[in-house]
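Here is how the chains run, residue by residue.
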Amino acid sequence: MRIQMLAIGSRMPSWVNQGYGEYANRMPSECRLELREIAAEKRGKSADTRRITEKESELLLGAVPQGNMILALDVRGRSWSTEQLAQQLERWMQDGRNVSLLIGGPEGLSQTCLQQAEQRWSLSPLTFPHPLVRIIVAEQLYRAWSILRNHPYHRA
């Protein structure tokens, strides 16, 4: 299975790339994690954020390979414990499809994106900087995989 992380924003600071890379590189081939960055639309003082969010969401959905399950990161989504995420990961792996995980820009995802998603995942009711979300998601996916394989990384 391949998990494709589609994220709005490019040219991240080196600490973001290093943090994401640390966990993405630990993922085994049976559950490969790949990042595809989509450039954010320009924002100004009088920017039409609704239009920008729609455009970014259109680009995200356009990057989803046909047949992939779509999972949207959304503050109004379901929160999972680490163990529940491991159960979700196991279901995704058994489903036989690849997963496209959508991470919106500063304003989030459009309703169109959210409606296309089979699942919505909320990391927390807290607001995280979008670059940090990449690292958190990669680490949590690696931790979930480690639970499934009884790897010593997760010691609960």
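Reading guide: rules and limits
Starting from 1, residues in each chain are numbered consecutively following that chain's sequence as written. Reporting in this predicted model follows two pLDDT cut-offs: at least 70 for local features of residues, and 80 or more for side-chain atom pairs to be given and counted; totals over whole chains, interfaces and linings ignore these cut-offs and use all residues. In computing side-chain properties, one takes all heavy atoms of the structure into account and sets aside hydrogens as well as water. Numbered from the N terminus, helices here are DSSP runs of H or I no shorter than four residues, and strands are runs of E no shorter than two. What makes two residues a contact is simply this: any of their non-hydrogen atoms within 4.5 Å. Counted as a polar contact is a pair of N or O atoms within 3.5 Å, where, for protein atoms, one must be capable of donating a hydrogen and the other of accepting one, and residues adjacent in sequence contribute only when both atoms are in side chains. Relative accessibility under 20% of the residue-type maximum defines a buried residue, over 50% an exposed one, and the middle range a partly exposed one, all with a 1.4 Å probe and only protein chains included. At least two DSSP bridges between two strands are required for those strands to pair. Here, the term right-handed applies to a crossover whose path from the first strand over the helix to the second runs clockwise when the strands point away from the viewer. Planes of paired rings set the category: under 30 degrees apart is stacked, over 60 is edge-to-face and the rest tilted, where pairs are Phe, Tyr or Trp rings (Trp by its six-membered ring) whose centres lie within 6.5 Å. Axis geometry follows a simple rule: fit a line to the C-alpha atoms, using only the stretch in contact for helices, then measure angles between N-to-C directions, giving values from 0 to 180 degrees. Angle categories are assigned with fixed cut-offs, so that under 35 degrees is roughly parallel, over 145 is roughly antiparallel, 65 to 115 is roughly perpendicular, and the rest are oblique. Amino acid classes used here: Ala, Val, Leu, Ile, Met, Phe, Trp, Tyr, Cys and Pro are nonpolar; Asp, Glu, Lys and Arg are charged; the rest, including Gly, are polar.

Colleague: Even after reading the chapter, I still don't get the side chain of Ser-146, so can you show me in this structure?
Modeller: Its location among the elements puts Ser-146 in helix H5 (residues 130-148). The contacts of Ser-146, once residues within four sequence positions are left out, are His-151, Tyr-153 and His-154.

Colleague: Please explain the side chain of Arg-134 as it appears in this structure.
Modeller: Here Arg-134 is to be found in helix H5. At 2.7 Å, the side chain of Arg-134 and the backbone oxygen of Gly-9 are in polar contact. Setting aside anything within four residues of it in sequence, one finds Arg-134 in contact with Met-5, Ala-7, Ile-8, Gly-9, Met-12, Val-16, Tyr-20, Leu-35 and Glu-37.

Colleague: Just checking my understanding: could you explain the pairing of strand S3 (residues 69-78) for this structure?
Modeller: By the criterion of burial, S3 is predominantly enclosed, with 7 of the 10 residues buried. Bridge count for S3 against strand S4 (residues 99-103) is 4 bridges, and the pairing is parallel. The residue of S4 that forms the bridge with Leu-71 is Leu-101. For the crossover that starts at S3, traverses helix H3 (residues 82-95) and ends in the parallel S4, the hand is right-handed.

Colleague: Hey, could you run me through the packing of aromatic side chains in this one?
Modeller: What describes a pair of aromatic rings is the distance from one ring centre to the other and the angle between the planes of the rings. Following the criterion strictly, the structure yields 6 aromatic pairs and no others. Relative to Trp-145, the ring of Tyr-142 lies with its centre 5.9 Å away and its plane at 25°, an arrangement referred to as stacked. Of the two residues, Tyr-142 and Trp-145 both sit in helix H5, 3 residues apart, roughly one turn of that helix. Judged by its relative accessible area of 5%, Tyr-142 falls in the buried class. Taken together, the ring pairs connect Tyr-23, Tyr-142, Trp-145 and Tyr-153 into an aromatic cluster.

Colleague: Would you take a moment to explain the packing of H3 against H5 for this structure?
Modeller: A pair of packed helices can be characterised by two numbers: the angle between their axes and the separation between those axes. The contact between H3 and H5 brings their axes to 8 Å, and the two run at 80°. Our classification of the angle between H3 and H5 gives roughly perpendicular. Contacts between H3 and H5 involve Thr-82, Glu-83, Leu-85, Ala-86, Leu-89, Glu-90, Trp-92 and Met-93 from the first element and Gln-140, Leu-141, Arg-143, Ala-144, Trp-145, Ile-147 and Leu-148 from the second. For the contact of H3 with H5, the residue count by class is 10 nonpolar, 2 polar and 3 charged.

Colleague: Looking at this model, I keep getting lost on the sheet that holds S3. Mind explaining?
Modeller: In sheet architecture, strand pairing relies on hydrogen bonds along the backbone and comes in two forms, parallel and antiparallel. One open sheet accounts for 5 strands, arranged S2-S1-S4-S3-S5; its pairing is parallel. Lying at the two open borders of the sheet, with one neighbouring strand each, are strand S2 (32-38) and strand S5 (119-121). Here the average twist between neighbouring strands, direction ignored, is 30°. Contacts from helix H2 (residues 49-62) reach strand S1 (2-8), S2, S3 and S4 within the one sheet, and its direction differs from that of S1 by about 160°.

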